[in-house]
Amino acid sequence: MTIQGQQFIGETAVKGANGEIFGFDAASGEKLQPSFGGATKDDLERACALADAAFDTYRETSLEERALFLEAIADNIMALGDELVERCCAESGLPRARVEGERGRTVGQLKLFAGVVRDGGFLELRLDPALPDRKPLPRPDLRLRKIPLGPVAVFGASNFPLAFSVAGGDTASALAAGCPVIGKAHSAHPGTAELVGRAVQKAVKDRGLPEGTFSLLFDSGREIGQGLVADRRVRAVGFTGSRGGGTALMRIAAGREQPIPVYAEMSSINPVFLFPSAVKNRGEAIGKAFAASLTLGAGQFCTNPGLVIAVESEGLDSFVKGAAEALSGMPAAVMLTRGILDAYRKGVDAVAGHAAVAEVAAGQDGGASRGQAKLFAVKAEDFLAARELQDEIFGAASLVVRCRDEAEVAKVIESLEGQLTVSLHIDEADHAAAKAILPKLERVAGRLLVNNFGTGVEVAHAMVHGGPFPSTSDGRSTSVGSLAIDRFLRPVCYQDMPAALQPEALRDGNPLKLFRRVDGVMGQN
């Protein structure tokens, strides 16, 4: 399949006429062919109109048909073969093994949601039969199911060109819920986006679904992305990116005549807590493992461990020693784009220039074109006095906060913003101390890890990839795992609805054989 520089508006593949976009080789800076055109306002209007027209038909497709559609997308992505892997490697600078792994994750997400759809549990079916003889008042017949919100706008992410982009988790969960998707491709990997977009478009056609089930637009500026969020037919937004970008979309969505939810994953520094016994016994080993997590993927993960918190001790010194030794051998890394590299360096320079901060370790210097890993340290009192030291640095940089005692650790916890993850390194002797602060940490993050680091998000039913603001715009949700489907659903109650008008899943006799809660009792009844 040859990349043609096209976007997809329903069944149509067209070259945008609004400006020009090129992909770039992340390592060399070389411009990649072909050129892509940004969408026009007419393109946006047609994509939204098609999605709106498709919604009522697509949302009532059978569960089996919807599951087969998701599986068809997965198969089509795999059928792209090396062309997808090679283009993605070039546009992102990510190594082949990482891209192949991310492709596997993308396909796995689609298949996970196919299973979720077949199961039908996401519909949350509930029936409270009428009680006409109840005193003092009769109870009406009440039946509930969850229905999809409507067309969803999905913004591709820079750091996950497959798993959080055109057919990534937001798209998979929205389509699983029954929502048409209008994707906005990330300009850093347009060729990758086109290839995956073709895979989705082909699945729509082959499964005989309404053409507005999926569209993919490119944007040469910000007009189309902003217009997509503002369009009255779009009912929700999925976004992974910067805090500034996410909050800008939130403002647009909130300012609409009918505000809509924006599910934005944005900013997190993912604190790591080192407990006394663990750091005394394993400080150096933990430091080396930390360095590997910090530099994974050039540090370009939303779960990158950007903060380490511990009480001053010889064990903490051992941790820093282990981290420094490991980092000294870490080569500088190609970053996703030159813009991201420049932002990383500015962030590092800002921390390095702070009077209270000391550099304690560094990776190998890669010159002007690569990101060098950095580890800094600061006393807790100075950290607490400088709010800017909590700013996320997107890349392989982290800050060790040295506390005088557990009371100062508690003050640091109280100062933290919302996080995606918190890691605790503990031995059995630390359990009592860990138990004492767990309630505070639960307030801070969506995922708590023990003796590990957050860089590794399993696609599973119990996974939470979310957290209080600013890690996400809505800490009640997750963008990874089967619960991600809940973002794009809402409950509807049918009161005294005639049997002929009831949704099939809610009819007496349970014709679809789904699990339902009938008069409070869960079962296939």
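Residues numbered from 1 in each chain as written. Predicted model: local features only at pLDDT ≥ 70, side-chain atom pairs only at ≥ 80, totals over all residues. Heavy atoms only, no water.

- Per an unreviewed UniProt entry, the recorded name for the protein chain is 2,5-dioxovalerate dehydrogenase, and the organism is Plantimonas leprariae.
- Looking at the protein chain in UniProt, the text filed under Sequence similarities (unreviewed entry) is "Belongs to the aldehyde dehydrogenase family." (UniProt positions renumbered as here; feature names shortened; annotations may be inferred.)

### Re the overall build of the protein chain
- Broken down by element type, the protein chain carries 14 helices and 21 strands.
- Burial status across the protein chain gives 57% buried among its 525 residues.
- Within the protein chain, counting contacts between residues at least 6 apart in sequence, those at least 24 apart form 75% of the total.
- Put simply, the protein chain shows about 21,300 Å² of open surface, and 52% of that area lies on carbon and sulfur atoms.
- Each charge class in the protein chain was averaged separately, 57 positive and 64 negative side chains, and the resulting centres sit 3 Å apart. (Helix = DSSP H or I, 4+ residues; strand = E, 2+ residues; numbered from the N terminus. Buried < 20%, exposed > 50% of the residue type's maximum accessible area, 1.4 Å probe, protein only. Contact = heavy atoms within 4.5 Å. Areas by Shrake-Rupley, 256 points an atom, 1.4 Å probe, with all protein chains shown as cover. Lys, Arg positive; Asp, Glu negative; His and termini not counted. Charge placed at Lys NZ, Arg CZ, Asp CG, Glu CD.)

### Notes on helix 11 (residues 338-352)
- Between its first and last C-alpha, helix 11 extends 21 Å over 15 residues, near the 21 Å set by a 1.5 Å rise per residue.
- Taken together, the buried positions of helix 11 are occupied by Ile340, Leu341, Tyr344, Gly347, Val348 and Val351. One face of helix 11 carries all of its buried residues, which in axial projection span an arc of 125°. In helix 11, the exposed residues that point more than 90 degrees away from the buried face are Lys346, Asp349 and Ala350.
- Elements that come into contact with the buried residues of helix 11 comprise strand 15 (374-379) and strand 16 (397-403). (Expected span 1.5 Å × (residues − 1). Arc of directions from axis to C-beta.)

### Quick notes on the sheet that holds strand 5 (residues 126-128)
- Here we have five strands laid out as an open sheet, ordered 19-6-5-20-21, and mixed in their pairing. Across the chains shown, the open sheet's two edge strands, defined by having one partner strand only, are strand 19 (489-495) and strand 21 (521-523). Within this sheet the neighbouring strands show an average axis-to-axis angle of 25°, counted without direction.
- With three bridges joining them, strand 5 and strand 6 (residues 142-148) adopt antiparallel strand pairing. Looking at strand 6, one finds that aspartate 128 is bridged to leucine 142. (Pairing = 2+ DSSP bridges. Axes fitted to C-alpha atoms, helices over the stretch in contact; angles between N-to-C directions.)

### Details of helix 1 (residues 41-58)
- The terminal C-alpha atoms of helix 1 lie 25 Å apart, and with 18 residues this matches the ideal 26 Å at 1.5 Å per residue to within 8%.
- Within the sequence span of helix 1, burial applies to Asp43, Leu44, Ala47, Cys48, Leu50, Ala51, Ala54, Phe55 and Tyr58.

### Concerning the pattern of salt bridges
- This structure, assessed with the given rule, holds 34 salt bridges.
- Taking the shortest distance from any N to any O, the salt bridge between arginine 233 and aspartate 231 comes out at 2.9 Å.
- Judged by relative accessible area, which is 8%, arginine 233 ranks as buried.
- Within the structure, one salt-bridge network assembled from shared partners comprises Asp56, Arg59, Glu60 and Arg145. (Salt bridge = Lys/Arg side-chain N within 4 Å of Asp/Glu carboxyl O.)

### Concerning the domain arrangement of the protein chain
- When its domains are assigned, the protein chain resolves into domain 1 (41-266 + 476-487) and domain 2 (271-450).
- Interface area for domain 1 against domain 2, summed over the two sides, is near 880 Å², with a carbon-plus-sulfur share of 56%.
- Where domain 1 packs against domain 2, one counts one salt bridge.
- Where domain 1 touches domain 2, the interface holds two residue pairs in polar contact (both at pLDDT 80 or more).
- Residue composition of the side of domain 1 that touches domain 2, by class: four nonpolar, four polar and four charged. (Domains from an automatic or database assignment. Buried area = accessible area lost by both parts, 1.4 Å probe. Polar contact = N/O pair within 3.5 Å; in protein donor to acceptor, adjacent residues only side chain to side chain. Nonpolar A, V, L, I, M, F, W, Y, C, P; charged D, E, K, R; others polar.)

### Observations regarding the packing of helix 3 (residues 82-92) against helix 6 (residues 190-206)
- Axis separation between helix 3 and helix 6 bottoms out at 8 Å; the angle between their running directions is 155°. With respect to helix 6, the element helix 3 is oriented roughly antiparallel. Note on packing geometry: the crossing formed by helix 3 with helix 6 is left-handed. In this structure, helix 3 uses Glu83, Leu84, Arg87, Cys88 and Glu91 to contact helix 6, whose residues at the interface are Pro190, Gly191, Thr192, Leu195 and Val196. (Parallel < 35°, antiparallel > 145°, perpendicular 65-115°, else oblique. Left-handed = near helix turned anticlockwise from the far one by under 90°.)

### Focus: the side chain of serine 92
- Its location among the elements puts serine 92 in helix 3.
- A relative accessible area of 2% means that serine 92 is categorised as buried.
- There is a polar contact of 2.6 Å between the side chain of serine 92 and the backbone oxygen of cysteine 88.
- Side-chain polar atoms of serine 92 contact the backbone nitrogen of leucine 94, separated by 3.2 Å.
- Ignoring anything within four residues of it in the chain, the contact list for serine 92 reads Ala26, Val99, Pro161, Met335 and Leu336.

### Side note on the nonpolar core
- Ranked by internal contacts, the top residues of the largest apolar core, which has 129 residues, are Ile73, Ile77, Phe273, Leu274, Phe319 and Val401.
- Looking at this core, the element that brings in the most residues is helix 2 (residues 63-79), giving eight residues.
- Counting residues domain by domain, this core receives three or more from each of domain 1 (41-266 + 476-487) and domain 2 (271-450).
- If we ignore the near neighbours within four places in the chain, the residues touching valine 401 are Leu307, Val308, Ile309, Ala310, Val378, Ala380, Phe383 and Val412.
- Residues Leu44, Ile224, Phe239 and Met266 belong to the second largest nonpolar core, which totals 23 residues. (Core = buried A, V, L, I, M, F, W, Y, C linked by side-chain atoms within 4.5 Å.)

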